[in-house]
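Structural description and commentary
Single-letter residue listing:
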Amino acid sequence: MPGADKETELSERIEAFLSELKRCGSGAGSLRGSAETARETTSLLRRITAQARWSNAGDLMEIIRKEGRRMTAGQPSETTVGNMVRRVLKIIREEYARSRGSTEEADQQESLHKLLTSGGSSEDNFRQHFTHLKANVIEAINELLTELEGTTDNISMQALEHIHSNEVIMTIGRSRTVEAFLKDAARKRKFHVIVAECAPFCQGHEMATSLSKEDIETTVIPDAAIFAVMSRVNKVIIGTQTVLANGGLRAVNGTHTLALAAKHHSTPLIVCAPMFKLSPQFPNEEDTFHKFVSPHEVLPFTEGEILSKVNAHCPVFDYVPPELITLFISNIGGNAPSYIYRLMSELYHPEDHEL
Amino acid sequence: MADSDGRQVDGVNHATGKIYRLKLFFNNEGKELTKEEKQRLRKEKKQHKKNKKDDKGPPEKEKEKEKASVPAPSKPATQSPAHKAAPAPVHASESAAAAEKPAKSKAELRAERRARQDSERTSKHGKKEGGQQSASSKPKATPNELQPVVKRLPEHVQVDDPAALKKLAKKLERQQVRQIHSHVPLRSDYGYKVSLFSHLHQYSRKSPPTLQISIPATVIHPSIVRLGLQYSQGIIAGSNARSVALLHTFKQVIQDYSTPPNEELSRDLVNKLSPYISFLSQCRPLSASMGNAIKYIKKEISNIPSQCKEEEAKGKLQACIDSYINEKIILASEAISKYAIEKISDGDVILVYGCSSLVNHILCKAFEKQRKFRVIVVDSRPRLEGREALRRLVKKGIRCTYVLISALSYILPEVSKVFLGAHALLANGYVMSRVGTSQIALVAKAYNVPVLVCCETYKFCERVQTDSFVSNELDDPDDLIVTRNGKSHLENWQTVKSLGLLNLVYDVTPPDFVDLVITDLGMIPCTSVPVVLRVKNVDQ
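Read on for a plain summary of the structure. Just so you know, these numbers come straight off a predicted model, no measurement behind them.

Another point: the overall build of chain B. In terms of helices and strands, chain B carries 17 helices and 13 strands. By residue count, 50% of the 540 residues in chain B fall in the buried class. Taking the intrachain contacts of chain B between residues at least 6 apart in sequence as the baseline, contacts between residues at least 24 apart amount to 74%. With the model as given, the accessible surface of chain B reaches about 26700 Å², and the carbon-plus-sulfur share is 53%.

As a further point, take the interface of chain A and chain B. Listed by partner, the interface residues are 51 residues for chain A and 50 residues for chain B. Interface of chain A and chain B: buried area, both sides summed, is about 4300 Å²; carbon and sulfur atoms make up 64% of it. The tally of links from chain A across to chain B stands at three salt bridges. Linking Arg484(B) and Glu297(A) is a salt bridge whose minimum nitrogen-to-oxygen distance equals 2.9 Å. Between chain A and chain B we count 22 residue pairs in polar contact (both at pLDDT 80 or more) in total. Where the side of chain A that touches chain B is concerned, the elements lending two or more residues are helix H8 (203–213), strand S3 (217–221), helix H9 (226–230), helix H10 (255–264) and strand S8 (310–312) of chain A. Bridge count between S3(A) and strand S10 (residues 499–501) of chain B: three bridges; the pairing is parallel. Residue Thr218(A) lies in a different strand from S10(B), and its bridge partner there is Leu499(B).

All names here are of chain A. Among the five residues in strand S1 (residues 168–172), five count as buried, and that is most of the element. Because side chains alternate across S1, one face comprises the buried residues Val 168, Met 170 and Ile 172, and the other comprises Ile 169 and Thr 171, equally buried. For the handedness criterion, the β-α-β arrangement of S1, helix H7 (residues 176–186) and strand S2 (residues 192–196) is classed as right-handed. Inspection of the sheet shows S1 paired to strand S4 (residues 235–238) by two bridges, in the parallel sense. Residue pairing across strands places Met 170 opposite Val 236, the latter belonging to S4.

One pass over the structure, following the stated rule, counts 34 salt bridges over all chains. Of the charged contacts in the structure, one is a salt bridge between Glu15(A) and Arg70(A), with a shortest N-O distance of 2.3 Å. On the criterion of sequence distance, the pair formed by Glu15(A) in helix H1 (residues 2–25) and Arg70(A) in helix H3 (residues 57–74) is long-range, its members being 55 residues apart. On the accessibility criterion, Glu15(A) (39% relative accessible area) is partly exposed. Under the relative-accessibility criterion, Arg70(A) is labelled partly exposed at 34%. The salt bridge involving Asp352(A) is made with Arg93(A); its shortest N-O contact spans 2.7 Å. Separated by 259 residues along the polypeptide, Asp352(A) in the segment after helix H13 (340–347) and Arg93(A) in helix H4 (residues 79–100) bring together distant segments of the chain. Accessibility expressed as a relative area gives 0% for Asp352(A), which makes it buried. For Arg93(A), a relative accessible area of 9% corresponds to the buried category. Put simply, Arg205(B), Arg383(B), Glu385(B), Arg434(B), Asp475(B) and Asp479(B) are held in one network by salt bridges that share partners.

As a further point, take the environment of Ser239(B). All names here are of chain B. Here Ser 239 is to be found in helix H9 (residues 239–256). A residue is classified by how much of its surface remains accessible, and Ser 239, at 10% relative accessible area, is buried. Sequence spacing of Ser 239 and His 423 is 184 residues, and the spatial spacing of their C-alpha atoms is 6.1 Å.

Together, Lys166(B), Lys170(B), Lys171(B) and Arg174(B) make up a region of like positive charge exposed at the surface. Looking at the secondary structure, you find Lys166(B) in helix H7 (residues 162–174).

Attention now moves to the packing of helix H2 (residues 34–51) of chain A against H3(A). All names here are of chain A. It is at 11 Å that the axes of H2 and H3 come closest, and there the two elements cross at 145°. You can see that H2 and H3 cross each other, and the crossing is right-handed. Here H2 contributes Thr 41, Leu 44, Leu 45, Ile 48 and Thr 49 to the contact with H3, which in turn contributes Leu 60, Ile 63, Ile 64, Glu 67 and Met 71. Residues that form the contact of H2 with H3 fall into these classes: seven nonpolar, two polar and one charged.

Residues and elements named next belong to chain A. What you see with S4 is no split at all: Lys 235 and Ile 237 on one side and Val 236 and Ile 238 on the other are buried throughout. Direction of pairing for S4 relative to strand S7 (residues 269–272): parallel, over a ladder of three bridges. Bridge pairing links Ile 237 to Ile 270 in S7.

Another aspect to go through is the packing of helix H10 (residues 265–283) of chain B against helix H11 (residues 288–302) of chain B. All names here are of chain B. In the contact formed by H10 and H11, the axes pass within 8 Å of each other and the chain directions differ by 155°. Relative to H11, the element H10 lies roughly antiparallel. Where H10 approaches H11, its residues Leu 265, Ser 266, Leu 269, Val 270, Leu 273 and Ile 277 are matched on the opposing element by Ile 294, Ile 297, Lys 298, Ile 301 and Ser 302. Counted by class, the contact of H10 with H11 contains eight nonpolar, two polar and one charged residues.

To continue, consider the packing of aromatic side chains. As enumerated under the stated definition, the model contains six aromatic pairs over all chains in all. Taken together, a centroid distance of 5.8 Å and an interplanar angle of 55° make the contact between Phe227(A) and Phe513(B) tilted. Here Phe227(A) is found in helix H9, whereas its partner Phe513(B) is found in the loop between strand S11 (506–509) and strand S12 (516–519) on a different chain. Here Phe227(A) and Phe513(B) have matching classes, each one buried. Pairing Phe292(A) with Tyr410(B) gives two aromatic rings, centres 5.1 Å apart and planes at 70°, and the pair type is edge-to-face. With Phe292(A) in the loop between helix H11 (286–289) and helix H12 (304–307) and Tyr410(B) in helix H15 (residues 408–411), this residue pair bridges two chains. Judged by relative accessible area, Tyr410(B) falls into the buried class, the value being 18%. Joined through ring pairs, the aromatic side chains of Tyr296(B), Tyr324(B) and Tyr458(B) make up one cluster. Over the aromatic face of Phe469(B) sits the side chain of Arg232(A), whose NZ or CZ is 4.4 Å from the ring centroid.

Below, the discussion takes up the side chain of Arg86(A). Residues and elements named next belong to chain A. Here Arg 86 lies in helix H4. Glu 354 provides the closest opposite charge to the buried, salt-bridge-free Arg 86, at an N-O distance of 6.5 Å. Excluding residues that lie within four positions of it along the chain, Arg 86 makes contacts with Pro 280, Tyr 348, Asp 352, His 353 and Leu 355.

The rules we used
Residue numbers here run from 1 along each chain, matching the order of that chain's written sequence. In the order they appear in the text, chains get letters beginning with A and ligands get numbers beginning with 1. Per-residue local features are limited, in this predicted model, to residues with pLDDT of at least 70; the limit for side-chain atom pairs, both in listing and counting, is 80 or more; totals at the level of whole chains, interfaces and linings are taken over all residues. Hydrogens are left out, water is left out, and the side-chain values use all remaining heavy atoms of the structure. Starting at the N terminus, helices and strands are each numbered in turn, a helix being any DSSP run of H or I of at least four residues and a strand any DSSP run of E of at least two. Only protein chains enter the accessibility calculation, which uses a 1.4 Å probe. A residue is then buried if its area is under 20% of the maximum for its type, exposed if over 50%, and partly exposed in between. Should any heavy atoms of two residues lie within 4.5 Å, those residues are counted as being in contact. Note that accessible areas follow from Shrake-Rupley with a 1.4 Å probe, and for residues the cover is restricted to the protein chains shown. Here's the idea: put two parts together, see how much 1.4 Å probe accessible area each one loses, and the total over both is what we call buried area. In what follows, salt bridge is the name for a side-chain nitrogen of Lys or Arg lying within 4 Å of a carboxyl oxygen of Asp or Glu. Nitrogen and oxygen atoms within 3.5 Å of one another constitute a polar contact, given that in protein one can donate a hydrogen and the other can accept it, and given that sequence-neighbouring residues count only through two side-chain atoms. The pairing criterion is simple: DSSP has to find at least two bridges between the two strands. Orient the strands so they point away from the viewer; a crossover is then right-handed if the path from the first strand over the helix to the second runs clockwise. Here a patch means residues that are over 30% exposed by relative accessible area and free of salt bridges, tied together within 9 Å if like-charged and within 5 Å if nonpolar (Val, Leu, Ile, Met, Phe, Trp, Tyr). Neither His nor the chain ends is counted toward charge; the positive residues are Lys and Arg and the negative residues Asp and Glu. Where a charge lies is defined by one atom per residue type: Lys uses NZ, Arg uses CZ, Asp uses CG and Glu uses CD. Lines are fitted to the C-alpha atoms to define the axes, a helix being fitted only along its stretch in contact, and any angle between axes, read from their N-to-C directions, falls within 0 to 180 degrees. Less than a right angle of anticlockwise turn of the near helix away from the far helix marks a crossing as left-handed, whereas a clockwise turn marks it as right-handed. Only Asp, Glu, Lys and Arg are considered charged in this grouping, and only Ala, Val, Leu, Ile, Met, Phe, Trp, Tyr, Cys and Pro are considered nonpolar; every other residue, Gly among them, is considered polar. Our angle categories are set so that under 35 degrees counts as roughly parallel, over 145 as roughly antiparallel, 65 to 115 as roughly perpendicular, and the remainder as oblique. Planes of paired rings set the category: under 30 degrees apart is stacked, over 60 is edge-to-face and the rest tilted, where pairs are Phe, Tyr or Trp rings (Trp by its six-membered ring) whose centres lie within 6.5 Å. Only when the NZ atom of a Lys or the CZ atom of an Arg is both within 6 Å of the ring centre and within 35 degrees of the ring normal do we say a charge sits over the ring.

Everything listed here is a matter of geometry and, on its own, says nothing about what the molecule does.
Below, the structure written as structure tokens:
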């Protein structure tokens, strides 16, 4: 039966995507950028919407939530997957509300006023059937995909507003967003870039070679020299893996030290992060926040005799509190860290924060 | 006219009015005056001045000391009436002061000079007398004299100045034995230097400094050549190790030294050491501890009395060096360990950075004293010295954890104390140490973890510095290249025009990050370093 084929094909695709996620996460950072992951997740969700069997919005949301939980369980540290799932859920809710004809509520958040005036539980369980819901949802997901494709360009377009000539800019590790940002600014302005190599994966080396190919004066420094050279730096521009709900960052290890050094010298810290990296998580779960990879990167097996008597740690991420950040540059413009919670309410529905 | 002890001091040629001062600086044997004899001469002249001030007045003794010829001897006659007023205050002040206060005599002289300048037009000599008077009274100067120090900027921070480079090249050429034309080679820089650091040298480990030395290099002692190579290849690293190796090599040099005829051991040996020191600084810039050690040796050598026989002098010098090593390094580390162990309590989690021989010694001693603690060793590329520290501590049986410096924010919440070693302590309270130390202190401060720096007093130096740029050392940039998964991105960094690699060796930590400095004199705050320096100078 064609339907069954479609279903098996669909589940195959989902399985393939899951295994891809699991494999990527164990290597040095991500072998694919977050943008790619976001795009793939969204196309997969579109396919699910198109091919899965559902009759009303509630069913669809159930299916997506189930698949979403599986996907995030595959690689918990890759938060863009969960973010995209939440975005799609929000799209479904909106389309449903539009189809029903009810005006969208301006404020989705729980407020005391709403509790008092709503009188009882919220009306719909999304059980009504609308014929055009599927088409609308798929169209909306397509819009989301186009937005995703344009994020890097949107961010790079703002580069000239933030970089003046003869500046010294410091960055750490490798971020494709920051790379595009700096390359765009380099077309019109001349400046220097100092890249901290970010041991043990040393992704800063790739970043430096790619920047220097565009004729940007680049210098590679070891992580230990971050504070030593910070006094001559005008701006620090970094990318991040996730933007947390309080405005803090989960970024590559070494970023917290960089942020502290920048604060000490009163150097502005600018984070270039597209909106799909914004995640409704808070940083308070100590055990689940960190991700570790093999300590072989830090203390190789050639050090044989002492290995058994020593604990070696190799964390991948760092938490940067929002007080150390000056500005977020995203595809919708520049924002202060104190505004992040507001942006989050526009992107995700509060009931979707827990998948 | 002869002086009291029979030397020809000056002969006055009444015909031309010029005073011969040619014989002034030669004693009976015709050799140059040694430092003691010059000092004695000056003291005698002062005595002379005191005795004769009533009869002849200041102008005559000033004339005796003048280096340039002065006009006719008839001048004293004309000057003395003019100076009748001046000598009077001179007498009064001189009789009033028990010991000659240099400040007062300078002021008196200035008054005399002004009066003299009014009567005659030889104003140029005035400054010289003032200088000579203060020079003669220097031995009696009290420590609270704030003498302006005019320092010459060291060569190794003037790489971008072509004039300074030329001077260095000339100096190295000059340091050659007269007969054999071999000299200390000038090492050339390697690779593209980041513009902020173009004033510093950047050498490559692959081109050793001995490439241009001819064989036999009789200017440079072979053990010095070996030491220089060990420095430049990084075989001997760490400020204590380098100083000790230097002192042992100097002992060897002194052992092999023989005074040439007609030379004084005290002066000739110092001259012999200069090309060695230039060679070593070409191999690797001298550290503050090495600088202090060299100063000490030179002082000891020049204080050898001339009557001392050669063997005796050599033995004395070797004993001096041994006692220096023993006191300043070995005993100092024992004293520091004693103080530091008081600061380690049971259940502590101690963070150390890199490999500091002193900190390792402290931890081993504390472990022997049955303190229960565990250690976290933080390491950084490209030197990865922490692994050496890790090996030593694990061998002792101490429980250790090992992380790289980028994981510092992760590991710091567990830490209760941070122990850091130092390369030098600067006079404004800044701590100069391995690059990365300031970062550790910064993050520890953010987490409110106490930072303790352990440093012997012989590493204290008079320099002041506020950032890590002006005076630093650039290591071989190729060290930053790493091969991961078979790929190394920076392999051809030299071919890319706009790419530079920066491998700093040292950085300075501001004193507000450091809570305590443990030295062999006790536990002091960072800001008390100039006090210790002052006390040391008075002692010496």
